[in-house]
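Each chain is listed here by its residues.
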Amino acid sequence: MSLRSEQLHDPYIDEIYTIQYSLHTCSSLMNRELKLIFPDLSMDLIKQMIAIPTFQPSSVDLVGIGENIEMEKNRLLDNFMKWAEKVVEELKKQGYWADIIDPCTGMPVYSRRGPAIHDDVMSSMRLLRYDVHSVGCCKVILHPTWGSSVYPSFVFAIAPVYAIKCILSNISGSSKLPISSCTTAPPHPLPASSHLPPPKSVCISDSNA
């Protein structure tokens, strides 16, 4: 188990969805937290998990309250889910495990939920060393380019880094190779939760995402 996370893919912007993503291993602390978020996964599988933090630039500063802010959050949530569902779908087609963290709740979209929730802001700080700003009792991530006008969200996967990179490049349109070329044999058996029904509904409301 690694004490520290490692960046496996530098931040890259998918120009089709305007989403920045990168790939990271998880530290021993994150692994312990992820075990409480994904209780059906063994710790051996958790240790192989790849974190895919994503960020979208916002047209408004998302720190605050207002109808325009909530509308922008809903737009960014919808865009993230369209992208993330494609990523998860393609990984599962290749026989790998993957799941999305619902930005509204911090809970898995596909897997059985555990007693803990995922903190997108803290994980972003740990993995990418981005600054964090306290606003009242909340913490807000500060993107080096977009500041607090940014929408963070996460996907997690258990798959070879090559396969993840290949699928992400294909979805972004930066690869001319078919997704079938991303196939490699799964390195380990996956839990039954890798074959799940359609995702639970993700909130789109006037609450803070």
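Located above this text is the structure these notes cover.
Keep in mind it's a predicted model, so treat the numbers as computed, not measured. (Residues numbered from 1 in each chain as written. Predicted model: local features only at pLDDT ≥ 70, side-chain atom pairs only at ≥ 80, totals over all residues. Heavy atoms only, no water.)

1. Focus on the overall build of the chain
The cut-off we apply is this: Only runs of H or I of at least four residues qualify as helices and only runs of E of at least two qualify as strands under DSSP, and these elements are numbered from the N terminus. For this analysis, residues touch if any pair of their heavy atoms sits within 4.5 Å. Computed with the Shrake-Rupley method and a 1.4 Å probe, the accessible areas treat only the protein chains shown as cover for residues.
Along the backbone of the chain there are five helices and seven strands. Secondary structure elements in the chain, listed N-terminal to C-terminal, are β-β-α-α-β-α-β-α-β-β-β-α. Long-range contacts, defined as pairs at least 24 residues apart, comprise 67% of the intrachain contacts of the chain with a sequence gap of at least 6. Carbon and sulfur atoms form 56% of the exposed surface of the chain, whose accessible area is close to 9900 Å².

2. Considering the pairing of strand 2 (residues 19–25)
Note the following rule: For every residue, the accessible area (1.4 Å probe, protein chains only) is compared with the maximum for its type, and the residue is labelled buried under 20%, exposed over 50%, or partly exposed between those bounds. Only strands joined by at least two bridges in the DSSP assignment are considered to pair.
Most of strand 2 is tucked away, with seven of its seven residues classed as buried. Where strand 1 (residues 7–14) lies against strand 2, five bridges are found, and the strand directions are antiparallel. Opposite I13, over in strand 2, you have Q20 as the bridge partner. Hairpin connection of strand 1 to strand 2: four residues between the antiparallel strands, including T18 at a positive phi of 55 degrees. Sheet topology places strand 2 next to strand 3 (residues 50–57); four bridges connect them, and they run antiparallel. In the strand pairing of strand 3, H24 is matched with A51.

3. Let's talk about the nonpolar core
How we decide: Residues enter a nonpolar core if they are buried and are Ala, Val, Leu, Ile, Met, Phe, Trp, Tyr or Cys, with the set joined through side-chain atoms within 4.5 Å.
Residues W83, L91, I100, V155 and I164 are the most contacted members of the largest nonpolar core, which totals 33 residues. Listing elements by their share of this core, those giving two or more residues are strand 2, strand 3, helix 3 (67–93), strand 4 (97–100), strand 7 (150–158) and helix 5 (161–172). If one sorts the elements of this core by residue count, helix 3 sits on top with ten residues. Excluding residues that lie within four positions of it along the chain, I100 makes contacts with F80, M81, A84, E85, V88, M107, P108, V109, Y110, F154 and V155. C26, L45, F154 and I158 belong to the second largest nonpolar core, which has 16 residues in total.

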